[in-house]
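# Inside the fold
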Amino acid sequence: MKSRRDFLFGAGAVTAAFSAASVSKVALAALPELVSQTSPDTQAPLMPQNGRPYNPVVTLNGWTLPWRMNGGVKEFHLVAEPVVREMAPGFKAHLWGYNGQSPGPTIEVVEGDRVRIFVTNRLPEHTSIHWHGQRLPNGMDGVGGLNQPTIHPGKTFVYEFVARRPGTFMYHPHADEMTQMAMGMMGFWVTHPKDRHPLIDEVDRDFVFLLNAYDIDPGSYTPKIMTMLDFNLWSWNSRIFPGIDSLNVRWKDKVRIRIGNLTMTNHPMHLHGHEFQVTGTDGGPTAKSSRWPEVTADVAVGQMRQIEFLADEEGDWAFHCHKSHHTMNAMGHDVPTLIGVDHRGVVKKITELVPDYMAMGERGMADMTEMEMPLPDNTIPMMTGEGPFGSVEMGGMFTVVKVRREQKRNDYSNPGWFAHPPGTVAYEFDGALAEPHRRQDGGGHSMPRQHQHQPGQEIEVQVRKPSGHSDH
Ligand SMILES: [Cu+2]
């Protein structure tokens, strides 16, 4: 666990240097310190040093932005800039983000705080920031052209408002939005309640992350910005499994996970081994009478959901988007299904021309996890991640919630793999298998089969369906 001091002053973690190229000395002196972060590791919660106390959140593979108090106002400094984000070990993407990373740092405040945010634009084009879900004066809402002129490259704008209601929010540009969100510009915002709130429970662990998606061809570094739906990297906080940290909790902890969706499709978020309740949306905490147990909650485009559960089952529990192609990494989708196709003959002919050619998919796709085919530079196999029993065969929007008896309170470190008590792991049956009984009465009693198939005259379906892939 890193202390706040390590977090703020650790080697390489912080860049206080400020390019003076575009800002005058006077303006520079008035700006809060610029804090930047480039490590993709989940940073320790930022314990509040002043202002009203609260229990801070943990941003998955991210961090919380420090602030300074100035005459009773909490001042933050966001810098919109190109960043390099390691999306998984061995795979880096050239994105746009804030303060060194995509997504930008989480902003945490308390209900009733007056907040002033300086936004410096170091992008090659204009931008703005919309504070998604906040009650604020219209001129602070950040829609370029509607509420304010856009922030041109090199300029710094100031947003100021009172964080009026507690809840879970996001920030993102509202200028050239498709490009800037496809490039990774977004961040999380949490407003903690100032007193005990009848609909907001105190929890032991409070995690946040954004769902986001990119279209980066294998071997390249920059997302395609014109993509509308057919993204090929499905990520949480611009990380893809196995680059997504596990959520480490103590047995019997009350756990909250806040999820925001800034992709262009919905994501049914599914937790194994526990039931949770949706306790909040972007509209605020939900009424208790509206809550019911779930194991999957859909998070639609532009929505926030906060889920809560009692972590009362020990183990390593999968937590993922239930759209199965969102747990795969970069791949081409325009390929016919080859399961059951014997293509040994054609493979022999092709390898005479293309020595590296490899047949794929004739027994399913699991072979892909161990395939030895050379990958282009700067990409990642589409399913990967080693578990204690072998490959997990997952990529993208997947991680593990680790529930441990021996985990210390407020200790977020990874406890390693779960040690299963003897006799609690699925095992191989090695007895004799009986021949199955097969029905002999055709289509059943109400609709008896008219003709029996003659041996050798079985119908074989040869239809190939179009395999286009564009809808999510
Ligand atoms: Cu999904």
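Since the structure is predicted, the reported quantities are computational estimates derived from the model, not experimental observations.

The protein atoms donating to the copper ion are His267 (ND1), Cys321 (SG) and His326 (ND1), with metal-donor distances spanning 2.0 Å. Read in sequence order, the donor residues coordinating the copper ion give the pattern H-x53-C-x4-H. A relative accessible area of 1% places Cys321 in the buried class.

Here the focus is the pattern of salt bridges. Per the stated rule, a full pass over the model turns up 21 salt bridges. Among the salt bridges present, the one from Glu75 reaches Arg68, with a minimum N-O distance of 2.6 Å. Residue Arg68 is classed as partly exposed on the basis of its relative accessible area, which comes to 29%. The structure contains a network of salt bridges with shared partners spanning Asp201, Asp206, Lys254, Arg256, Arg258, Lys288 and Glu308.

Turning our eyes to something else, we now look at the packing of aromatic side chains. With the rule as written, the count across this model stands at 13 aromatic pairs. Feature note: the residues Tyr98, Trp131, Tyr159, Phe161, Tyr171 and Trp189 constitute an aromatic cluster, connected by ring pairs. Over the aromatic face of Tyr412 sits the side chain of Arg205, whose NZ or CZ is 4.7 Å from the ring centroid. Positioned above the aromatic ring of Trp417, the side-chain terminus of Lys402 is 4.4 Å from the ring centre.

To continue, consider the environment of Gln134. Mapping Gln134 onto the fold places it in the loop between β7 (130-132) and β8 (156-162). Taking C-alpha positions, Gln134 is 7.3 Å from Ala163, a pair spaced 29 residues apart along the chain.

This brings us to the sheet that holds strand β5 (residues 107-110). Pairing within the open sheet is mixed, and its four strands lie in the order β5-β10-β9-β7. Looking at strand neighbours, the two that pair on one side only are β5 and β7, the edges of this open sheet. Averaged over all pairs of adjacent strands, the angle between their axes in this sheet comes to 25°, without regard to strand direction. Note that strand β9 (residues 167-172) and strand β10 (residues 187-192) share five bridges and pair antiparallel. From the neighbouring strand, Thr168 faces β10, where its bridge partner is Val190.

The computed volume of the second largest pocket comes to approximately 660 Å³. In this structure, the second largest pocket is lined by 28 residues; those nearest its centre are Gly387, Pro388, Val392, Val400 and Trp417. Breaking the lining of the second largest pocket down by element, the ones donating at least two residues are β20 (315-321), β21 (384-387), β22 (390-394) and β23 (398-404). The dominant element in the lining of the second largest pocket, judged by the number of residues it contributes, is β23, at four residues. Among the residues forming the lining of the second largest pocket, the class breakdown is 13 nonpolar, ten polar and five charged.

All right, on to empty space enclosed by the protein then. Under the criterion given, the structure shown has three cavities of 30 Å³ or more. The volume enclosed by the largest cavity comes to roughly 40 Å³. What lines the largest cavity is Thr59, Leu60, Asn61, Gly62, Trp63, Arg85, Gln101, Pro103, Gly104, Pro105 and Asn237. When the residues that make up the lining of the largest cavity are grouped by side-chain class, the tally is four nonpolar, six polar and one charged.

Our next topic: the environment of Arg250. Along the chain, Arg250 falls in strand β13 (residues 247-250). You can call Arg250 partly exposed: its relative accessible area is 24%. Between the C-alpha atom of Arg250 and that of Glu314, which follows or precedes it by 64 residues, the distance is 8.7 Å. Every residue in contact with Arg250, bar those within four places of it in the chain, is listed here: Arg205, Ala311, Val403, Arg404, Arg405, Gln407, Lys408 and Arg409.

Negative phi values dominate among residues other than glycine, just as trans dominates among peptide bonds. In this structure, the amide linkage connecting Ser102 to the following residue, Pro103, adopts the cis form with an omega of -5°. The topology assignment puts Pro103 in the loop between β4 (91-98) and β5. In this chain, Phe241 is followed by Pro242 through a cis amide linkage whose omega measures 10°. Within the secondary structure, Pro242 sits in the loop between β12 (233-236) and β13. The backbone phi angle of Asn61 is positive, close to 50°, even though this residue is not glycine. We classify Asn61 as buried; its relative accessible area is 1%. Its identity is not glycine, yet Glu393 carries a phi of approximately 55°, on the positive side. Within the secondary structure layout, Glu393 lies in strand β22.

Rules of the game
Residues numbered from 1 in each chain as written. Predicted model: local features only at pLDDT ≥ 70, side-chain atom pairs only at ≥ 80, totals over all residues. Heavy atoms only, no water. Donors = N, O, S within 2.8 Å, 3.2 Å for Na, K, Ca; no water. Buried < 20%, exposed > 50% of the residue type's maximum accessible area, 1.4 Å probe, protein only. Salt bridge = Lys/Arg side-chain N within 4 Å of Asp/Glu carboxyl O. Phe/Tyr/Trp six-rings, centres within 6.5 Å; stacked < 30°, edge-to-face > 60°. Lys NZ or Arg CZ within 6 Å of the ring centre and 35° of its normal. Helix = DSSP H or I, 4+ residues; strand = E, 2+ residues; numbered from the N terminus. Pairing = 2+ DSSP bridges. Axes fitted to C-alpha atoms, helices over the stretch in contact; angles between N-to-C directions. 1 Å grid on protein atoms, 1.4 Å probe; cavity = no way out; pocket = protein on both sides within 12 Å on 5 of 7 lines; lining within 4 Å. Points joined across faces, edges and corners; volume = space filled by probe spheres on them. Nonpolar A, V, L, I, M, F, W, Y, C, P; charged D, E, K, R; others polar. Contact = heavy atoms within 4.5 Å.

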